[in-house]
Amino acid sequence: MVKENLEDVEARICAACARAGRDRSEVTLIAVSKTKPVPMLEEAYACGIRDFGENKVQEMMDKYDVMPSDIRWHMIGHLQRNKVKYLIGKTALIHSVDSIRLASQISEQSVKQNVTTDILIEVNIAGEETKFGTSREEAAALVEEAAKLPNIRICGLMTIAPYVDDPEENRAYFRQIKELSVDIDSKKLDNVHMWILSMGMTGDYEVAIEEGATMVRVGTGIFGERNYGV
Ligand SMILES: *Cc1c(COP(=O)(O)O)cnc(C)c1O
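Thresholds applied
Residues numbered from 1 in each chain as written. Predicted model: local features only at pLDDT ≥ 70, side-chain atom pairs only at ≥ 80, totals over all residues. Heavy atoms only, no water. Near = heavy atom within 4 Å. Polar contact = N/O pair within 3.5 Å; in protein donor to acceptor, adjacent residues only side chain to side chain. Areas by Shrake-Rupley, 256 points an atom, 1.4 Å probe, with all protein chains shown as cover. Nonpolar A, V, L, I, M, F, W, Y, C, P; charged D, E, K, R; others polar. Buried < 20%, exposed > 50% of the residue type's maximum accessible area, 1.4 Å probe, protein only. Helix = DSSP H or I, 4+ residues; strand = E, 2+ residues; numbered from the N terminus. Arc of directions from axis to C-beta. Contact = heavy atoms within 4.5 Å. Pairing = 2+ DSSP bridges. Right-handed = clockwise from strand over helix to strand, strands pointing away. Salt bridge = Lys/Arg side-chain N within 4 Å of Asp/Glu carboxyl O. Phe/Tyr/Trp six-rings, centres within 6.5 Å; stacked < 30°, edge-to-face > 60°. Lys NZ or Arg CZ within 6 Å of the ring centre and 35° of its normal.

Caption draft 1: Examining the site of the ligand more closely. Taken together, Val32, Lys34, Ile76, Met158, Ile160, Met201, Thr202, Arg217, Val218, Gly219, Thr220 and Arg226 make up the full set of residues adjacent to the ligand. In the environment of the ligand, an oxygen atom lies 2.5 Å from a nitrogen or oxygen atom belonging to the side chain of Thr220. Residue Arg226 places a side-chain N or O atom 2.8 Å away from an oxygen atom belonging to the ligand. Contact with the protein chains covers 89% of the free accessible surface of the ligand, which is 390 Å². Taken together, the residues of the shell around the ligand break down into 6 nonpolar, 3 polar and 3 charged.

Following this line, the structure appears as structure tokens:
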């Protein structure tokens, strides 16, 4: 099932790139494997997937220990500061940095372990109360402040768009995030490069690609519905 789903997702990514006049190589597919068992990840790995997204530190570490070492692990979930130390050196990219306190902790732990950690700033573009992320207004200030910290590199922005039935409803939000990233990039801050735009999930990744996403995070579309149990 994972193989067929991946073929479908891949075809849709290619079509969206073609519609937008973009090259397929500009978009990285992150397979969001949270709650899914290792054999399903292995299936995706066998199909060539090397980027996996998880939202819990412990679960990511458990999978990290048993999966091949050439995988790039993406932390996409809300991150508690006391868990940062487990992640450093093992994650390719932390997508969910939304406060200077969290950025400082990542910096501090990275200095301790003598590595540089790539991060994205999470923006709550629709201002939803239920979502984490800095506000659109505060994003630039957070980037500017975090850029001064040692051993972290700010590589772009991430957003989780609202849950909608029609992905077209999110097009304007994706466009706004793209504009915000261009604005921030134009400030030419040291240590800041807005290379990455992490946006688009199963319901709306095609629209996100049309609006400039460079990373899409697809879970359900690859692994099927998540069962959180009761
Ligand atoms: C779960 C999750 C996804 C994947 O969601 P799907 O709708 O299953 O594709 C993407 N991004 C984040 C931050 C998530 O938590």
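Caption draft 2: Representation of helix α2 (residues 38-46). Those residues of α2 that fall on the buried side of the exposure criterion are Met40, Leu41, Ala44 and Tyr45. In an axial view of α2, the angular spread of the buried residues amounts to 145 degrees, which keeps them on one side of the axis. Opposite the packed face of α2, turned more than 90 degrees from it, sit the exposed residues Pro39 and Ala46.

Caption draft 3: Region of the structure containing the side chain of Gln109. By the secondary structure assignment, Gln109 is in helix α5 (residues 100-112). The contact partners of Gln109, leaving out residues within four places of it in the chain, are Val84, Lys85 and Ile88.

Caption draft 4: Broad picture of the environment of Val115. Mapped onto the elements of the fold, Val115 is located in the loop between α5 and β5 (117-122). Using a relative accessible area of 26% as the deciding quantity, one classes Val115 as partly exposed. Along the backbone, Val115 and Gly89 are 26 residues apart, and their C-alpha atoms lie at a distance of 6.6 Å.

Caption draft 5: Local environment of the pairing of strand β7 (residues 192-198). In terms of residue burial, β7 counts as a mostly covered element, since 5 of its 7 residues are buried. Where strand β6 (residues 152-158) meets β7, 4 bridges bridge the pair, whose relative direction is parallel. When the bridges of β7 are listed, Gly156 appears paired with Ile196. As a crossover connection, the stretch from β6 through helix α7 (residues 171-186) into β7 is right-handed.

Caption draft 6: The pattern of salt bridges, seen in detail. Summed over the entire model, instances satisfying the criterion amount to 16 salt bridges. Linking Asp51 and Arg72 is a salt bridge whose minimum nitrogen-to-oxygen distance equals 2.9 Å. One end of the pair, Asp51, is in strand β2 (residues 51-54); the other, Arg72, is in strand β3 (residues 72-75), and 21 residues separate them in sequence. Arg72 gets classed as partly exposed once you look at its relative accessible area, which sits at 40%.

Caption draft 7: Quick peek at unusual backbone geometry. For Thr35, which is not a glycine, the phi torsion comes out positive at approximately 70 degrees. For Thr35, a relative accessible area of 32% gives the class partly exposed. Even without a glycine there, the phi angle at Asn191 is positive, about 75 degrees. On the basis of relative accessible area, Asn191 is assigned to the partly exposed category, the value being 27%.

Caption draft 8: Summary view of the packing of aromatic side chains. This model, assessed by the stated rule, comprises 1 aromatic pair. Summarising the aromatic geometry, the rings of Phe52 and Trp73 are spaced 5.7 Å apart at their centres and angled 35 degrees between planes, so their arrangement reads as tilted. Of this pair, Phe52 sits in strand β2 while Trp73 sits in strand β3, placing them 21 residues apart in sequence. For Trp73, a relative accessible area of 1% puts it in the buried group. In this structure, Arg50 packs its charged tip against the face of Tyr45, placed 3.5 Å from the ring centre.

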